[in-house]
Amino acid sequence: MKTQMDGRIPTASYRRPIGIVVIQMITAWCLCMAAYALPPDLTAGGAPTTTKSLNLGPTGAHGWMYHVNDNSSESRQILVNTVDVGSPADGILAAGDVILGADGTGANPSNFNSDARKAFAKAIADAEANSPATLKLLRWRSGVTTTETITLQTMGAYSATAPYNCPKSALILDQGLDYVMAHQDKGHYGLGVLPLLAANNPADPDNAARMARAQVDALAVMPSQSEIDEIYAGIIPDTSLLTWSVGHRLIVLAEYYLTTGDTQVLPGIEALSLWAARGQSLLGTIGHRLNAPDPDGSYNGTYKYGYGVVNSAGMPCYLGLLLAKQCGLTNPEIDPAIARSSRFFASYTGYGAIPYGEHEPSRASHESNGKCGLAAICFSLENNNHLEGGKFFAQMATGAGSEREQGHSGPYFNYLWAPLGAAIGGEQAAAEHFSRISWHLDLCRRWDGGFEFNTMMEGGNGGVPGWNTDFYMYVPALLTYALPLRQLEITGRNPDSNRWLNSTQVAEAIFADDYVASSRTTSELVSDLGSWSPKVQYYAAKEIGDRPSEHAALIPQLIAIANDTNAGRQRAGACFALGEIGNGSAAADLANLLDDSDAYVRYASAEGLRYLPQANKLAQLSTILTAADTTSKPFYPIDEVDPIQFAHHRLCMLLFYSGSAYGPKGVIWGSGINGVDRNLLYPAIRAVAGNPNGQARSTLGETYRNLTQADVDALAGDIIDSVEYRAPADKMFSDGVRAGGIDILETYNIAEGVPLSRGLVEEFGTQTSEKTYAL
């Protein structure tokens with residue numbers, strides 16, 4: 001991790017929305033503490049460091065093991081908390097026991113010498129492959145250590161192609177469905193309907209009962225007639241979290257219709273589709289609430305409510321619309337809504353994981369709580385549209401096995417969508433992903449066929465107390481095991497071999513998931529800068545930055561790569577690496593790439609340049625200001641490839657950013673504009689004020705406050721427009737420019753500032769979760 005040397009802050013703390021920044025700061029603190037604190041010895045009076053208790057697979061026991069967030073790699077003991085009556089562990093384990101080791105091969109166990117959680121899962125898998133399925137445990141109880149034996153059910157071993165052509169996977173699916181039929185309801189948004197449908201098989205004697213249950217549960221999530229009437233009347237409910245319900249209910253009903261042909265649900269599908277289509281922003285995104293129509297009556301305006309767009313809610317709406325179209329709906333509002341969402345989410349292709357909202361890509365991960373898997377599924381339903389994007393996101397999902405337990409507010413949707421997204425890349429991709437998550441599925445699996453939500457996150461059913469406690473684990477687990485049946489669109493009913501990853505691409509995904517930059521030679525790191533994976537690029541660049549003894553030789557090599565138009569993705573990787581090195585000698589070359597024909601190179605060069613010394617950036621100020629002007633483009637017509645203009649956003653941050661959470665301050669932020677050539681400054685300010693992204697525009701907040709009377713006279717129209725008209729994207733960070741604009745209009749007694757101030761007060765007063773400025 002970088003320090004505050006040469007002006008930069010730790011990179012982990014500035015690349016996400018502020019709520020996630022706080023989480024990451026806490027995470028970093030916990031990881032630092034873990035480096036000094038040894039796990040407690042539970043046999044010598046040590047106590048658990050958290051309250052989290054996890055299901056210990058089909059043993060019937062639940063227990064705690066040492067962990068820091070989702071990382072249990074340092075755990076070597078398991079404290080038993082509870083044991084289910086009648087389970088295999090009943091009478092053998094008891095609360096207070098400590099499991100010191102486990103073996104399922106028939107050998108006597110020894111103390112765990114690696115992650116106790118994963119070692120225990122492996123022992124279960126080994127035992128279930130044998131007959132009898134003998135799991136031996138090294139048990140400590142009240143100071144006495146003995147070897148005890150638990151007999152599990154013989155299930156067989158997972159096949160090399162699991163869950164495909166795998167009797168064990170089929171058996172787990174069948175037993176899981178039996179448990180659901182006997183014990184569990186449909187869960188949140190009726191998602192429990194999906195596993196029943198995914199296992200549809202008329203030859204199965206249990207199928208009729210399962211389909212009857214699916215019908216009852218699907219009809220239970222239908223919109224009521226009053227809801228349908230409100231939808232057609234154009235009524236937009238003032239309800240938080242509604243969009244989560246709209247998207248997921250739409251998916252459930254559409255998949256139910258496509259499987260059964262039951263026309264009872266078509267009115268509900270069409271009504272929810274209208275809500276999803278009309279509730280979008282003009283970018284095809286959605287937040288916690290449905291959008292409201294603009295004054296002219298259109299439903300395509302900027303997202304208005306709360307703190308901004310939430311892609312984890314919006315993407316299920318996008319998928320639901322695609323499925324509604326598969327149902328044969330022809331409402332004229334559906335296709336434009338699909339096109340808007342498709343354009344927005346495809347714009348992240350090659351850049352990184354789809355983020356929380358209308359933000360920059362997440363370069364340091366392959367998944368973002370299932371949104372990359374969702375993108376792969378969505379693009380697979382668009383015929384030949386976004387073939388490249390579909391493969392990219394399928395590869396991202398395939399290479400996200402190690403990130404399974406991560407996710408904002410809990411990893412449930414990662415559990416749900418990442419395996420299904422990997423399967424869009426073909427059976428080999430799905431099998432490789434499965435092989436990396438099967439240990440977790442085995443620990444979630446109960447002794448009686450059910451599943452429990454196993455996550456290291458505290459609170460609720462995965463992070464948020466209360467609102468998601470009935471997101472049941474059987475849904476993502478059984479959908480994963482049902483992939484071979486291909487009964488749903490989301491489990492590959494109509495596989496498209498054009499979207500499958502080849503063996504090389506699958507291997508690249510697994511390599512990227514396992515990537516450890518510190519183990520690579522410097523020449524390998526330079527090669528890794530050209531990886532398909534933004535995550536590999538990210539960590540390769542950072543590792544290069546951490547090898548100062550080699551910088552002198554590397555800088556000219558990296559500059560040459562950055563300027564080589566035949567070097568592909570390695571060009572951008574070289575720009576990122578030059579930024580990590582932070583040597584001012586690269587400033588001119590990076591500045592000259594700010595108007596490159598390759599948008600990814602422009603993005604990377606602006607990002608890299610941010611971390612160079614201030615004096616060297618100032619020396620290139622004319623070039624930077626000119627690029628800000630010449631590479632800007634109007635929001636309308638919306639760019640089909642780059643709707644929120646990632647590269648120009650980076651330029652805005654490079655010039656004017658005044659904060660501290662998202663990287664270094666801009667080269668001329670605030671009063672830094674003093675003495676700058678106004679012939680260059682004014683066009684740059686106009687370009688930034690017109691950027692479609694709220695965070696990019698709001699970099700001008702402090703700059704506005706430092707304008708002179710002459711500056712305001714020259715820029716008044718642009719300032720007024722940037723206050724009056726909210727940025728069309730990234731509402732979460734869009735108010736800084738408006739507040740700064742109001743302040744400077746007030747400072748110089750500009751009359752237009754009075755109605756604007758009043759208008760903003762009224763606007764903020766009618767919205768939830770807004771920051772109201774003292775205007």
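What comes next is a walk through the structure. Please read these numbers as outputs of a predicted model, since none were measured by experiment. (Residues numbered from 1 in each chain as written. Predicted model: local features only at pLDDT ≥ 70, side-chain atom pairs only at ≥ 80, totals over all residues. Heavy atoms only, no water.)

Here we look at the overall build of the protein
Moving on, step 1. Across its full length, the protein carries 31 helices and six strands.
Moving on, step 2. With 775 residues in all, the protein has 60% of them scored as buried.
Moving on, step 3. Accessible area for the protein stands at about 27,500 Å²; split by element, carbon and sulfur atoms hold 53% of it.
Moving on, step 4. Taken together, the 54 basic and 79 acidic charged side chains of the protein have centroids lying 2 Å from each other. (Helix = DSSP H or I, 4+ residues; strand = E, 2+ residues; numbered from the N terminus. Buried < 20%, exposed > 50% of the residue type's maximum accessible area, 1.4 Å probe, protein only. Areas by Shrake-Rupley, 256 points an atom, 1.4 Å probe, with all protein chains shown as cover. Lys, Arg positive; Asp, Glu negative; His and termini not counted. Charge placed at Lys NZ, Arg CZ, Asp CG, Glu CD.)

Some words on the sheet that holds strand β1 (residues 54-55)
Moving on, step 1. The strand order β1-β2-β3-β4-β5-β6 describes an open sheet built from six strands, whose pairing is antiparallel. Because the sheet does not close on itself, it has two edges, and the strands there are β1 and β6 (144-152).
Moving on, step 2. Here strand β5 (residues 133-141) pairs with β6 via nine bridges, running antiparallel. The residue bridging Arg139 from the neighbouring strand is Thr146, located in β6.
Moving on, step 3. Lying on the sheet, helix α2 (residues 116-128) is in contact with β1, β3 (78-83), β4 (98-103), β5 and β6; it crosses β5 at an angle near 145°. (Pairing = 2+ DSSP bridges. Contact = heavy atoms within 4.5 Å. Axes fitted to C-alpha atoms, helices over the stretch in contact; angles between N-to-C directions.)

Describing the nonpolar core
Moving on, step 1. Membership of the largest hydrophobic core comes to 190 residues, with the highest contact counts inside it found for Leu319, Trp417 and Ile668.
Moving on, step 2. Broken down by element, the residue count for this core peaks at 10 residues, all from helix α7 (residues 242-260).
Moving on, step 3. Ranked by size, the runner-up nonpolar core spans 26 residues in total, among them Val80, Ile92, Leu93 and Leu135. (Core = buried A, V, L, I, M, F, W, Y, C linked by side-chain atoms within 4.5 Å.)

Let's talk about the side chain of Arg486
Moving on, step 1. Looking at the element boundaries, Arg486 is found in the loop between α15 (474-481) and α16 (503-513).
Moving on, step 2. A distance of 3.1 Å separates polar atoms of two side chains, one belonging to Arg486 and the other to Glu427.
Moving on, step 3. A distance of 3.4 Å separates the side chain of Arg486 from the backbone oxygen of Gly492, its partner in a polar contact. (Polar contact = N/O pair within 3.5 Å; in protein donor to acceptor, adjacent residues only side chain to side chain.)

A look at the packing of helix α19 (residues 551-563) against helix α20 (residues 569-581)
Moving on, step 1. Contact geometry of α19 with α20 gives a least axis separation of 8 Å together with a crossing angle of 145°. Handedness of the crossing formed by α19 with α20: left-handed. Residue-level inspection shows His551, Ile555, Leu558, Ile559, Ile561, Ala562 and Asn563 of α19 in contact with α20, the latter providing Gln570, Arg571, Ala574, Cys575, Ala577, Leu578 and Ile581.
Moving on, step 2. Partitioned by chemical class, the residues of the contact of α19 with α20 number 10 nonpolar, three polar and one charged. (Left-handed = near helix turned anticlockwise from the far one by under 90°. Nonpolar A, V, L, I, M, F, W, Y, C, P; charged D, E, K, R; others polar.)

Keep in mind these numbers describe shape, not what the thing actually does.
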